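Report on the structure
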Amino acid sequence: MVTSLGVAVVGFGWMGRVHTQAYARVPHHFPQLTVRPQLVSVAEDVPGRAEQAAEQFGFASTTRDWREVVADPRVQAVSITAPNFLHREIGVAMAEAGKHIWIEKPVGLSTADASAVSDAVTKAGVQGAVGFNYRNAPAVEAARDLIASGELGTVTHIRVRLFSDYAAHPDGALTWRYELERGGHGVLGDLASHGADLARFLLGDITALAADTAIFLPQRARPTGATAGHALATGGELGPVENEDYVNCLLRFASGARGVLEACRVSVGEQNNYGFEVHGTKGAVFWDFRRMNELAVSRGTTYQDQPVTTVYVGPGDGEFGAFQPGAANAMGYDDLKVIEAYRFLRSVAEGKPYGATLPDAVRSAAVLDAMVRSVESGGWASPAQSGTRLSPA
């Protein structure tokens, strides 16, 4: 039996649009799902944007105040795609109102913020999903299975990279993303949060780290009006960039493995250069987001001069079969969000979590907080010293 689930989207920038499109596509890719999302309400405080979303996607109602969504009995599940500084307040309010939440990372500005939302979800008995979309790539799930199988031997080290140029233009507008109070620690929340989740997803818990950060573009022009995405602004009053453009971090894992996580938002010449390299005592596996459906794998018993083979993921890997009938048929970024939506809705339907959860967000946030402490102290820091309880995954 298929039932309807009233959903709302809070914050309708690019990510709000991605969530909305994912809801629309879920029934086509996952017809076995026993709930069908119905677009009830969209909340956005930029004038006219919610109305435009309703006209294009068919939301039944619009509002500029997300608190109206909290009070709306038609809404049973909410996508929270508002700016980072609003995540805690909105997430806690929605959970306390008994609404399931699908919230974008980094779930606030700190471990305390992520923990508050996680605790509210647990206390309310609702489901909570988090937007760590890269772990949903079938190739990433295949890599995790390969590592767990032992075919690579004992994992010795990993390198995770996240390089992009979205903030590289010196005329990029000084939006909330560049303020500590509203955007948090810059590239740490934007990109390194994904890196921390990927590293833990593949290799397990991170026990210690040492980090270094930098701000390479210290001033930007303030925008004169509402902005979306990474808009440019020229001629406006210059203001300081308060959060990090770059982070480099050494990692130690509970397994004994070592790692490097590096992320930068101002890398000229790099567009979404995200990926990882995992080495073991018998082999290695490599993934590049720009070739999302491929793995480079080295395995065998020769050790030296051992070849690397390209492997194309197929219907037996992750949720690939819901999108393509055979290996080497391409999937794209938006497909990862459809998988995320499916796992969120399945969690709601079955009453148990699938995919990335709020405890995953708490652990990623603890890694980011440890990076900040490491930079401040100039030494090693432990995510477990965040001052916030880390519940079992």
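That block above? That's the structure.
We now turn to the structure provided with this report. (Residues numbered from 1 in each chain as written. Predicted model: local features only at pLDDT ≥ 70, side-chain atom pairs only at ≥ 80, totals over all residues. Heavy atoms only, no water.)

Turning to the pattern of salt bridges, a few remarks are in order. Using the criterion set out here, one finds 25 salt bridges in the structure. Between D205 and R200 there is a salt bridge, with its nearest N and O atoms 3.0 Å apart. The exposure class assigned to D205 is partly exposed, which follows from its relative accessible area of 32%. Classification of R200 as buried rests on a relative accessible area of 14%. Ionic contacts of the salt-bridge type, sharing partners, join the residues R135, D197, R200, D205, D360 and R363 into one network. (Salt bridge = Lys/Arg side-chain N within 4 Å of Asp/Glu carboxyl O. Buried < 20%, exposed > 50% of the residue type's maximum accessible area, 1.4 Å probe, protein only.)

We now examine the nonpolar core. Soluble globular proteins: nonpolar side chains tend toward being buried together. Ranked by size, the top nonpolar core spans 82 residues in total, and within it L202, L203, F276, V278, V285, W287 and M371 carry the most contacts. If one sorts the elements of this core by residue count, helix α8 (residues 187-203) sits on top with ten residues. Every residue in contact with L203, bar those within four places of it in the chain, is listed here: I147, V155, I158, F253, S255, A257 and V278. Core analysis: the second largest hydrophobic core is formed by 31 residues, V69, V78, A95 and A116 among them. (Core = buried A, V, L, I, M, F, W, Y, C linked by side-chain atoms within 4.5 Å. Helix = DSSP H or I, 4+ residues; strand = E, 2+ residues; numbered from the N terminus. Contact = heavy atoms within 4.5 Å.)

As summarised here, the arrangement of the eight strands in space is β8-β11-β12-β7-β13-β14-β15-β16, forming an open sheet in which the pairing is mixed. Single-partner strands in this sheet number two, and they are β8 (206-214) and β16 (309-312). Along the sheet, successive strands turn relative to each other by an average axial angle of 15°, direction set aside. By the bridge criterion, eight bridges tie strand β7 (residues 155-163) to strand β13 (residues 273-280) in an arrangement that is antiparallel. Along β13, the bridge assignment pairs I158 with V278. Those strands touched by helix α10 (residues 358-377) are β8, β11 (246-253) and β12 (258-264), and its axis lies near 60° from that of β8. (Pairing = 2+ DSSP bridges. Axes fitted to C-alpha atoms, helices over the stretch in contact; angles between N-to-C directions.)

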